[in-house]
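Observations on the model geometry
Now for the letters of each chain:
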Amino acid sequence: MNLRYLTERPIDIELLIERVESETRGGVAVFLGTVRNHHGGRDVERLEYSAYGPMAEAECARISAEAERTWGAAVALEHRIGALGIGEVSVAVAAAAPHRDEAFSACRYVIDEMKRRVPIWKREFYADGSVAWVDPTAPGGIHFSTEPTSLIDDR
Amino acid sequence: MTETAVTVTLTVQFLARYAELVGTDSTEVTLRAPATVGHVLGLLRGRFPGARQLPDRPLCALNLAQVDLGTEISAGDVLALLPPVAGG
């Protein structure tokens, strides 16, 4: 599968900015999501992201197109898949528009819709050795995992 | 099922936590036509004890497009069962 939005390698933020900037777009807004060292009172040591690749790619393309159409912006985004350490960038959005209002709005829309619509999942590995799937709809926001080892999904 | 019954065979994929619950990430199912996504879920709950822990109405994608339980399935379809998303 040819991946445009999902990547197993560290995200090159400069490259994302280069993909959207132009002489007609005076505002560039960038959002970075990074791996937190805590969740729900637990110490997080590392994360693992997996995705339903083909559907995630299609949904990211739709979200970009919506933002570009609504705000006359140029948008670039990438989401990491695989194992990530604390502090690493897991998601990055760059949005460029003629003025800052449109750039901020487009950037905000893309990260919000991405979190809501793109089929990506996160497993957290805690300092106490337990592992959980993050589920924003679950009580406490997690389901403990019965599989303590890596489960990298390469679909 | 009689020999003349028309059946549909499709692939079901279990994503992320659902693969862990069910114990596999993919399976093939055959049902008597016409059949819906809801019928597939009922069959899976009978076949895999872990599938009984799936929500009543999980997020479903048929050939990469989100569908509801009443959507009719066709031979060769790929049905993916998706946990609530948690990217970002």
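For the structure, check the block above.
An account of the accompanying structure is given in this report. (Residues numbered from 1 in each chain as written. Chains lettered and ligands numbered in written order. Predicted model: local features only at pLDDT ≥ 70, side-chain atom pairs only at ≥ 80, totals over all residues.)

Take the overall build of chain B next. In terms of helices and strands, chain B carries two helices and five strands. What you see in chain B, going N to C, is helices and strands ordered as β-α-β-α-β-β-β. The C-alpha atoms of chain B give 13 Å as radius of gyration, which agrees with the globular expectation for 88 residues (12 Å, within 12%). Projected onto its principal axes, the C-alpha coordinates of chain B cover approximately 50 × 25 × 20 Å. Here chain B holds 88 residues, and 30% of them are scored as buried. (Helix = DSSP H or I, 4+ residues; strand = E, 2+ residues; numbered from the N terminus. Rg over C-alpha atoms; globule rule 2.2 N^0.38 Å. Buried ≥ 20, exposed ≤ 12 C-beta atoms within 10 Å, placed from the backbone.)

A separate point is unusual backbone geometry. All names here are of chain B. Geometrically, the link from A33 to P34 is a cis peptide bond, its omega value of -5° lying close to zero. Take P34: it is sitting in the loop between β2 (26–32) and α2 (37–47). At A16, a position not held by glycine, the phi torsion is positive, near 50°. Examined against the element boundaries, A16 turns out to sit in the loop between β1 (7–14) and α1 (17–22). At L64, a position not held by glycine, the phi torsion is positive, near 80°. In this fold, L64 is placed in the loop between β3 (59–62) and β4 (65–67).

All names here are of chain A. Close contact between helix α2 (residues 53–71) and helix α3 (residues 100–117) brings their axes to 9 Å; oriented N to C, the two are set at 155°. By the angle between their directions, the pair α2 and α3 is classed as roughly antiparallel. The two elements α2 and α3 cross, and the hand of that crossing is right-handed. Contacts between α2 and α3 pair E59, C60, I63, S64, A67 and W71 from the former with E102, S105, A106, Y109, V110, E113, M114 and R117 from the latter. (Axes fitted to C-alpha atoms, helices over the stretch in contact; angles between N-to-C directions. Parallel < 35°, antiparallel > 145°, perpendicular 65-115°, else oblique. Left-handed = near helix turned anticlockwise from the far one by under 90°. Contact = placed C-beta atoms within 7 Å.)

A separate point is the pairing of strand β9 (residues 131–134) of chain A. Taken residue by residue, a regular strand's side chains alternate between the two faces of the sheet. Residue and element names in this part refer to chain A. Where strand β8 (residues 120–126) meets β9, three bridges bridge the pair, whose relative direction is antiparallel. Along β9, the bridge assignment pairs E124 with A132. Linking two consecutive strands that pair antiparallel, namely β8 and β9, is a turn of four residues; a positive phi of about 95° is found at G129 within it. Bridge analysis of β9 against strand β10 (residues 142–144) gives three bridges, and the strand direction is antiparallel. If you follow A132 over to β10, its bridge partner there is F144. (Pairing = 2+ DSSP bridges.)

Turning our eyes to something else, we now look at the interface of chain A and chain B. Opposite the 27 residues of chain A that make contact, chain B presents 14 residues. Those elements that place two or more of their residues in the side of chain A that touches chain B are β4 (42–51), α2, α3, β8 and β9 of chain A. Of the residues belonging to the side of chain A that touches chain B, the class tally is 15 nonpolar, seven polar and five charged. (Nonpolar A, V, L, I, M, F, W, Y, C, P; charged D, E, K, R; others polar.)

This brings us to α3 of chain A. Residue and element names in this part refer to chain A. With 18 residues, α3 should cover 26 Å at 1.5 Å per step; its first-to-last C-alpha distance of 25 Å lies within 8% of that length. Turning to α3, its buried residues are E102, A103, A106, C107, Y109, V110, I111 and M114. As for α3, its buried residues are in contact with β2 (27–34), α2, β5 (74–80) and β7 (89–97). (Expected span 1.5 Å × (residues − 1).)

Residues and elements named next belong to chain A. Under the 1.5 Å per step criterion, the end-to-end length of α2 is 27 Å for 19 residues, consistent within 8% with the ideal 27 Å. Where α2 is concerned, the buried positions are M55, A56, E59, C60, I63, S64, A67 and W71. Among the residues trailing α2, G72 stands out with phi positive, at a value near 60°.

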